[in-house]
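Coordinate analysis (summary)
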Amino acid sequence: MANPANYSETELNTLRQAVIMSGHAVVFCEFTVISMGIEIAALGKEIMGAAQNYPNSRLIQKLFANYTETPEDAAEQEPPADITPERILESAQGLIRKALSILSEKASPEEIQEYKQFIYTCADRVANAAGEGLFGTGEKVSKKEAATLRELKATLGL
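These lines cover the structure that appears in this document, whether it is placed above or below.

Reading the values: rules and limits
- Residues numbered from 1 in each chain as written.
- Predicted model: local features only at pLDDT ≥ 70, side-chain atom pairs only at ≥ 80, totals over all residues.
- Heavy atoms only, no water.
- Phe/Tyr/Trp six-rings, centres within 6.5 Å; stacked < 30°, edge-to-face > 60°.
- Helix = DSSP H or I, 4+ residues; strand = E, 2+ residues; numbered from the N terminus.
- Buried < 20%, exposed > 50% of the residue type's maximum accessible area, 1.4 Å probe, protein only.
- Contact = heavy atoms within 4.5 Å.
- Expected span 1.5 Å × (residues − 1).
- Salt bridge = Lys/Arg side-chain N within 4 Å of Asp/Glu carboxyl O.

Overall, the coordinates contain two aromatic pairs when judged by the stated rule. With a centroid separation of 5.2 Å and an interplanar angle of 80°, the aromatic rings of Y54 and F118 are classed as edge-to-face. You can see Y54 sitting in the loop between helix 3 (50-53) and helix 4 (58-64) and its partner F118 sitting in helix 7 (residues 109-127), a full 64 residues away along the chain. Each member of the pair, Y54 together with F118, is buried. Ring geometry for F64 and F118: centres 5.6 Å apart, planes at 55°, overall tilted.

A separate point is the side chain of Q93. Here Q93 lies in helix 6 (residues 85-106). Setting aside chain neighbours within four positions, we find Q93 in contact with E151 and T155.

Right, let's talk about helix 7 for a bit. Every α-helical turn comprises 3.6 residues, leaving residues that sit three or four positions apart pointing alike. Between the first and last C-alpha of helix 7 there are 27 Å, a value that for 19 residues agrees with the 27 Å anticipated at 1.5 Å per step. Packing partners of the buried residues in helix 7 comprise helix 1 (9-29), helix 2 (33-48), helix 3, helix 4, helix 6 and helix 8 (143-156).

Using the criterion set out here, one finds two salt bridges in the structure. Among the salt bridges present, the one from R125 reaches E46, with a minimum N-O distance of 2.9 Å. Of the two residues, R125 sits in helix 7 while E46 sits in helix 2, which places them 79 residues apart along the sequence. R125 sits in the partly exposed class, given a relative accessible area of 43%. Taking the relative accessible area as the measure of exposure, E46 reaches 10% and is therefore buried.

Rendered as structure tokens:
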């Protein structure tokens with residue numbers, strides 16, 4: 001088992017941002033004002049509950065046990081004008097690759113697998129949080145969300 005103390009703050013931030021950006025890739029692939037709020041809240045719930053849901057993961061404990069910035073906080077920041085769903089997904093995939101590179105040098109195979117699964121679980125929960133219909137009702141995972149999940153899953157190697 002790797003020692004989370006061996007990670008720099010920059011590396012820890014990359015590992016956190018890969019999780020958050022993956023959730024955002026699902027939120028922004030296709031959204032309405034109502035679904036966006038529901039989906040961002042679902043991502044926040046997953047991240048804020050990570051330490052409790054993964055009590056035996058020293059890595060996830062280090063990343064999220066005392067984490068205070070919620071995805072809602074990040075969503076309130078003004079995005080660049082040229083941001084597109086494709087760019088958000090590309091950014092998430094780049095962060096995942098960078099995070100997995102960091103982990104390949106410092107984490108056990110079990111920790112890496114657990115981290116990958118955590119990212120995917122967060123993205124999947126976001127996709128299932130709100131439906132396509134009025135006020136978030138209706139079919140939970142849209143075709144665009146399913147495609148984004150497939151892309152994330154492939155990048156994660158799951």
